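# Residue-level structural notes
Given next are the chains, with one letter for each unit.
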Amino acid sequence: MDGVAVCHTFLQLFRFVEQEVLVKKLIEGLKHFQDHVLWERREQFERSVQGQKPQALLITCSDSRVLPETLMQAEPGDLFVSRNAGNLVPPSDAPSGEAATIEYAVTALGVTDIIICGHYRCGAVRAILHPEEAVELTKTSEWLSYRNVPTCTAKGCGTRPSSETCWSRSTTCRNTR
Ligand SMILES: [Zn+2]
């Protein structure tokens, strides 16, 4: 086995161990939730068993660093959430999870506010601006073709987000009530 192969095997082993550690951490987190958090917030979770009456529908990115409930200090039942790469909403003339989610939120749950929330340095927005960097991600590229590049609403910008500067600007949220 040459040095490169040894390195590759070691890297694979490291990734496996790292993944095992993460899965173990997630399982321990769930157990902690069941044993402690669920009891401490019992009344709140018992109320949520009765049904849901969310205040708003939030459409945001799948990015693992975006934590809507944490960022907005929302409680269980406050937000009806739809997440996808780039917080996009495809045209309504074709069936999609986003269309079904919006229909259910508005028609069945009576939600009146829809918030579309992007985030700083979004990989999906990057791929829209630089499609040549995502050519191997065929499904992602197809999905991102649903984009409708809006005028940037970041303070003092007002341009279409077609530059590196605009991509790296701060989080932009639009309330589409
Ligand atoms: Zn994103």
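What you see is a predicted model; the values in this text were computed from it and never measured. (Residues numbered from 1 in each chain as written. Predicted model: local features only at pLDDT ≥ 70, side-chain atom pairs only at ≥ 80, totals over all residues.)

## Looking at the overall build of the protein
- When helices and strands are counted, the protein shows seven helices and four strands.
- Each helix and strand of the protein, ordered N terminal to C terminal, gives the series α-α-β-α-β-α-β-α-α-α-β.
- Expressed as a percentage of the 177 residues in the protein, the buried residues total 11%.
- Within the protein, contacts between residues separated by at least 24 positions form 58% of all contacts whose residues are at least 6 apart in sequence. (Helix = DSSP H or I, 4+ residues; strand = E, 2+ residues; numbered from the N terminus. Buried ≥ 20, exposed ≤ 12 C-beta atoms within 10 Å, placed from the backbone. Contact = placed C-beta atoms within 7 Å.)

## Thoughts on the nonpolar core
- With seven residues, the main nonpolar core is built from Leu57, Leu58, Ile59, Leu79, Phe80, Ala105 and Ile115.
- Of all elements in the fold, only strand 1 (56–61) and strand 2 (79–84) reach the threshold of two or more residues within this core.
- Considering every element that reaches this core, the biggest residue donor is strand 1, with three residues.
- With near-sequence residues (within four places) excluded, Leu79 lies in contact with Pro54, Gln55, Ala56, Leu58, Pro68, Glu69 and Ala74.
- Counting six residues, the second-largest nonpolar core is a separate cluster that includes Cys61, Cys122, Ala124 and Ala127. (Core = buried A, V, L, I, M, F, W, Y, C linked by C-beta atoms within 7 Å.)

## Quick notes on the pairing of strand 1
- Buried residues dominate strand 1, accounting for five of its six residues.
- Inspection of the sheet shows strand 1 paired to strand 2 by six bridges, in the parallel sense. Bridging across to strand 2, Ala56 finds its partner in Leu79. (Pairing = 2+ DSSP bridges.)

## With respect to helix 2 (residues 42–49)
- With zero of eight residues buried, helix 2 is to be regarded as a mostly surface element.
- Just downstream of helix 2 lies Gly51, where phi reads positive at about 145°.

## Some details on unusual backbone geometry
- One non-glycine residue with positive phi stands out, namely Gln73, at about 50°.
- Its location among the elements puts Gln73 in the loop between helix 3 (68–71) and strand 2.
- The phi dihedral of Asn87 is positive, around 45°, even though this residue is not glycine.
- By the secondary structure assignment, Asn87 is in the loop between strand 2 and helix 4 (97–108).

## Brief notes about helix 4
- In a regular helix each residue adds 1.5 Å, so twelve residues correspond to 16 Å; helix 4 covers 15 Å between its end C-alpha atoms and thus fits that length.
- Looking one or two residues past helix 4, Gly110 carries a phi angle of roughly 75°, positive in sign. (Expected span 1.5 Å × (residues − 1).)

## Regarding the confidence of the model for the protein
- Chain-level statistics for the protein give a pLDDT mean of 84 and a share of 76% at 70 or above.
- Predicted confidence is poor over residues 170–177, with pLDDT under 50, and the contacts of this stretch with residues over four places away or in other chains come to 19 contacts. (pLDDT = per-residue confidence, 0-100.)

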